[in-house]
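Residue-level structure breakdown
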Amino acid sequence: MKPCQSCQTVIDEYTLDKQLEPLRDLTVDDFNVCADCTTIVVDACVECSGAVYVPRNVAVTPDYCPACRADRIDRTGTDPGWHCDTVSN
Ligand SMILES: [Zn+2]
Ligand SMILES: [Zn+2]
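Described in the following lines is the structure provided in the data block. Given the structure is predicted, the values throughout are model-derived calculations rather than measurements.

Side note on unusual backbone geometry
Look at Gln8: it is not a glycine, yet its phi comes out positive at around 70°. As for its placement among the helices and strands, Gln8 is situated in the segment before α1 (13-20). Take Gln8: there are 8 C-beta atoms within 10 Å of it, and that puts it in the exposed class. Even without a glycine there, the phi angle at Asp43 is positive, about 60°. In this structure, Asp43 sits in the loop between β1 (39-41) and β2 (52-54). By the C-beta count within 10 Å, which is 10 here, Asp43 ends up exposed.

Okay, structure coming up:
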């Protein structure tokens, strides 16, 4: 059992797993925070229209879900961050 990085509560993996369900590729093992400290916004990713994960220190909803961000890093070798500069649609 790991404690939450931000509030030190022991992470309830079952609850967190349920909360992470809309996210592609991510499991509780990728997180060091509990479900209470995790914010998921569905349909927010500009690339795949999937759910995005809002990091604790980020005030606004990211444009990329973690999977698309990782894809971009793989493709371009650069980290786009959580936000795209230009939203094209
Ligand atoms: Zn927490
Ligand atoms: Zn995505």
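Looking at α1
Buried within α1 are the following residues: Leu16, Gln19 and Leu20. Down the axis of α1, the buried side of the element spans an arc of 95°, and every buried residue falls inside it. Across α1 from its buried face, at more than 90 degrees, point the exposed residues Tyr14 and Lys18. Against the buried residues of α1 lie β1.

What counts, and at which threshold
- Residues numbered from 1 in each chain as written.
- Chains lettered and ligands numbered in written order.
- Predicted model: local features only at pLDDT ≥ 70, side-chain atom pairs only at ≥ 80, totals over all residues.
- Helix = DSSP H or I, 4+ residues; strand = E, 2+ residues; numbered from the N terminus.
- Buried ≥ 20, exposed ≤ 12 C-beta atoms within 10 Å, placed from the backbone.
- Arc of directions from axis to C-beta.
- Contact = placed C-beta atoms within 7 Å.

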